[in-house]
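Commentary on secondary and tertiary structure
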Amino acid sequence: MKEVLLITIALFLAMLLFRFVRAILLGRRISREQSCRPGHLDDPELEKLLESGKGQGGKVSEVLREIERSAQSGSAPLRATKHCAAGHLAVTEMKRPKLAVGFYLRALREDPSCVPAMDRLQEILLAQKRHRRFERTCWEVLGRLEDDDVGSEMWVKCWSGLASIYSMSPRLIRRADAIRKLLNSVDGGGDLDQDSDEEKPAGIPRVVS
């Protein structure tokens, strides 16, 4: 009985160690160059908080709480940017991509047109093979976009993301191909079989059935 208990404890500790190492490796794999930064908004306070969280170890959690407190006020784009900033610190300083996912989802709830949040979510969720979560996020964002947003950068990113997910499954390849045709028609493309790669919108995957 004691041996079984010891084996169970050892397996549990091994699992925790595996998840910890995997999170660190995944955090390093995600590029810092594409991290969400509030460059389009003049917010010196947020920039100061981001700088204070760099290389601070345990103090990063305190900085995250401060950023999230400040995200309770201001315009929707500003609140979304602050959640993105929190996600940036969670990935680059804490090496916790799963925690960052929550911040990026909050950013999209605040502002469904927040492209940096969608970019980071796609990068993390696909790296984690959480395809269903990414698919659900794309549909949620599409459902919140206005009619005027048809053809916008976020609209294209959501449909392109769905096409990339569906193209992974032979059973759903027709959906991916239909989405590609939709995107090409909105972009004003002509004959799909004759379209060159240069004529296709950036970021739209070519699906081969």
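It should be noted that the structure appears before, not after, this text.
In this report, we go over the structure that sits alongside the text. (Residues numbered from 1 in each chain as written. Predicted model: local features only at pLDDT ≥ 70, side-chain atom pairs only at ≥ 80, totals over all residues. Heavy atoms only, no water.)

1. So, the nonpolar core
Core analysis: the largest hydrophobic core is formed by 46 residues, its most contacted members being Leu108 and Met154. Looking at this core, the elements that each hand over two or more residues are α2 (44-52), α3 (60-70), α4 (76-92), α5 (97-110), α6 (115-127), α7 (131-144), α8 (153-166) and α9 (173-186). No other element matches α8, which puts nine residues into this core. With near-sequence residues (within four places) excluded, Met154 lies in contact with Leu108, Pro112, Ser113, Cys114, Val115, Met118, Val141 and Leu145. (Core = buried A, V, L, I, M, F, W, Y, C linked by side-chain atoms within 4.5 Å. Buried < 20%, exposed > 50% of the residue type's maximum accessible area, 1.4 Å probe, protein only. Helix = DSSP H or I, 4+ residues; strand = E, 2+ residues; numbered from the N terminus. Contact = heavy atoms within 4.5 Å.)

2. Some details on the environment of His131
Looking at the secondary structure, you find His131 in helix α7. Here the alpha-carbon distance between His131 and Gly161, two residues 30 residues apart in the chain, equals 10.0 Å.

3. Regarding the packing of α5 against α6
Where α5 meets α6, the closest approach of the two axes is 9 Å, and the angle between their N-to-C directions is 150 degrees. By the angle class used here, α5 and α6 are roughly antiparallel. In this structure, α5 meets α6 at a crossing whose hand is left-handed. When α5 is examined against α6, the residues Pro97, Ala100, Val101, Tyr104, Leu105, Ala107 and Leu108 are found in contact with a partner set consisting of Ala117, Met118, Arg120, Leu121, Ile124 and Leu125. For the contact of α5 with α6, the per-class residue count stands at twelve nonpolar, no polar and one charged. (Axes fitted to C-alpha atoms, helices over the stretch in contact; angles between N-to-C directions. Parallel < 35°, antiparallel > 145°, perpendicular 65-115°, else oblique. Left-handed = near helix turned anticlockwise from the far one by under 90°. Nonpolar A, V, L, I, M, F, W, Y, C, P; charged D, E, K, R; others polar.)

4. Structural notes on the packing of aromatic side chains
Geometry of an aromatic ring pair is reported as the spacing of the ring centres plus the angle between the planes. Scanning the entire structure with this criterion turns up two aromatic pairs. Aromatic side chains Trp139 and Trp159 sit 5.3 Å apart centroid to centroid with 85 degrees between the ring planes, which places their arrangement in the edge-to-face category. Placement of Trp139 in helix α7 and of Trp159 in helix α8 is noted, with a sequence separation of 20 residues between them. The exposure class assigned to Trp139 is partly exposed, which follows from its relative accessible area of 40%. (Phe/Tyr/Trp six-rings, centres within 6.5 Å; stacked < 30°, edge-to-face > 60°.)

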